[in-house]
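Chain residues, written in single-letter form:
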Amino acid sequence: MATQTRHIIDTQQLEPEFMAGLFKRAKWMGERLKARDLEELDSILRLRRMFSLFYEPSTRTRFSFAEAAIMLGMRVQGSENAAEFSSRSKGESDLDAFLVLESYAPDVIVVRHDAADGLAAIAERLSVPIINAGDGSGQHPTQALLDLYTIQNELGRLRDLQVVVVGDLKHGRTARSLAYMLGKYPGNRITFVAPPEWQMGDDILDYLKRKNVVYRQTADMVPELKDADILYYKRIEAERINAPAAQLQQRYDEISGRYRITPAELALMPKRSIVMDALPRAAEGAELKVKTAAGPVTIKARMQLSPECDTDPRAAYFRQAGNGLLVRMALLEWVVKGEWGAPASISG
Ligand code: NCD
């Protein structure tokens, strides 16, 4: 690991050896949970403390982090709407806020930030570890860890995979972080499916070139499905579309209507394949509230990943969400203690 303090800021810093230890420990924790062996889990980080600050909305990440900490015996508190409820609204810098939180001596601070790459500079000033729970259109390293854990559980390997990543690749931090991760294992091939203006950023593509990962870019999803081991869907992030209020719906519709995953698309995929999505997904016609320069605008969502897919055994997205709890438990243990307990030493 690159840093002295065990900050988790991006996926580049995480190596396969680390993932192997983490996943082993996560699996062991899952077995304890299943057996309702809660005492042993509760002793792992008993009386340690976690703070969490979420400057952007979250359900899965916030709940699973809090629950992971509670399962390990930690004490937890945080702000779920930090952009409004923290003193940022009084002009306080985020660095000041973190320095104050650090002075209360927590063992870890989990933060969902609203600026890409906003956390590295803050982390440099802190000796309490911080974990990036998503930073704007930047990265989402803990999602990438649970995505990898899901792939390993579902398909039994992390290498030699044909991965089709589709949707809003420009803003989608989960897709960005996953691409970095896939580049760490040999033989993976990635197809990025999006119209040119929504395609994956050059920073990721340059990284994949350096790592000799075979990737392609296309706007056409259907021909890619027959060879896919994994279809990874990235929702269209209406809240990050940079367009005048009057054009927002049209810009959103341009792409969201184009990549719909229904049982008809699943029928084109191999029997042994999976569909992943970090979620949330929007229902057809749901109201999406988007902030624009001209004030808040409400647009109508288009269904992208159909609920009709949910009963297909290849639909892995709810299992994927559940894995977030286990992976975050194992991660918190490592960040707070610098090692895992005996049943999952990193060498095994
Ligand atoms: C993602 C996120 O917030 O980046 N959700 C999550 O953490 N599970 C994906 C998204 O918002 O589209």
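Our structure's up above, just so we're on the same page.
Below is a short write-up of the structure. (Residues numbered from 1 in each chain as written. Predicted model: local features only at pLDDT ≥ 70, side-chain atom pairs only at ≥ 80, totals over all residues. Heavy atoms only, no water.)

Taken together, the neighbourhood of the ligand is formed by 13 residues, with T61, H140, R173, K234 and R235 sitting nearest. Note that a nitrogen atom of the ligand is positioned 3.2 Å from one of the side-chain N or O atoms of Q143. A distance of 2.7 Å separates an oxygen atom of the ligand from a polar atom in the side chain of K234. Bound to the protein, the ligand loses 94% of the 310 Å² it would expose on its own. Among the secondary structure elements, those contributing two or more residues to the shell around the ligand are α3 (60–71) and α8 (173–182). The residue makeup of the shell around the ligand, split by class, is 3 nonpolar, 4 polar and 6 charged. (Near = heavy atom within 4 Å. Polar contact = N/O pair within 3.5 Å; in protein donor to acceptor, adjacent residues only side chain to side chain. Areas by Shrake-Rupley, 256 points an atom, 1.4 Å probe, with all protein chains shown as cover. Helix = DSSP H or I, 4+ residues; strand = E, 2+ residues; numbered from the N terminus. Nonpolar A, V, L, I, M, F, W, Y, C, P; charged D, E, K, R; others polar.)

As paired elements, strand β6 (residues 189–193) and strand β7 (residues 214–218) share 5 bridges and run parallel to each other. Bridging across to β7, R189 finds its partner in V214. Read as a crossover between parallel neighbours, the route from β6 over helix α9 (residues 202–210) to β7 is right-handed. (Pairing = 2+ DSSP bridges. Right-handed = clockwise from strand over helix to strand, strands pointing away.)

Turning our attention to the packing of aromatic side chains. Tallied over the entire structure, the rule returns 7 aromatic pairs. Seen from their ring centres, F18 and W340 are 5.5 Å apart, and the 40° between their planes marks the pair as tilted. In this pair, F18 sits in helix α1 (residues 16–34) while W340 sits in the segment after α12 (317–337), placing the two residues 322 residues apart along the sequence. The class for F18 is buried, based on a relative accessible area of 5%. Every member of this aromatic cluster is reached through a ring pair, and the members are F18, W334 and W340. (Phe/Tyr/Trp six-rings, centres within 6.5 Å; stacked < 30°, edge-to-face > 60°. Buried < 20%, exposed > 50% of the residue type's maximum accessible area, 1.4 Å probe, protein only.)

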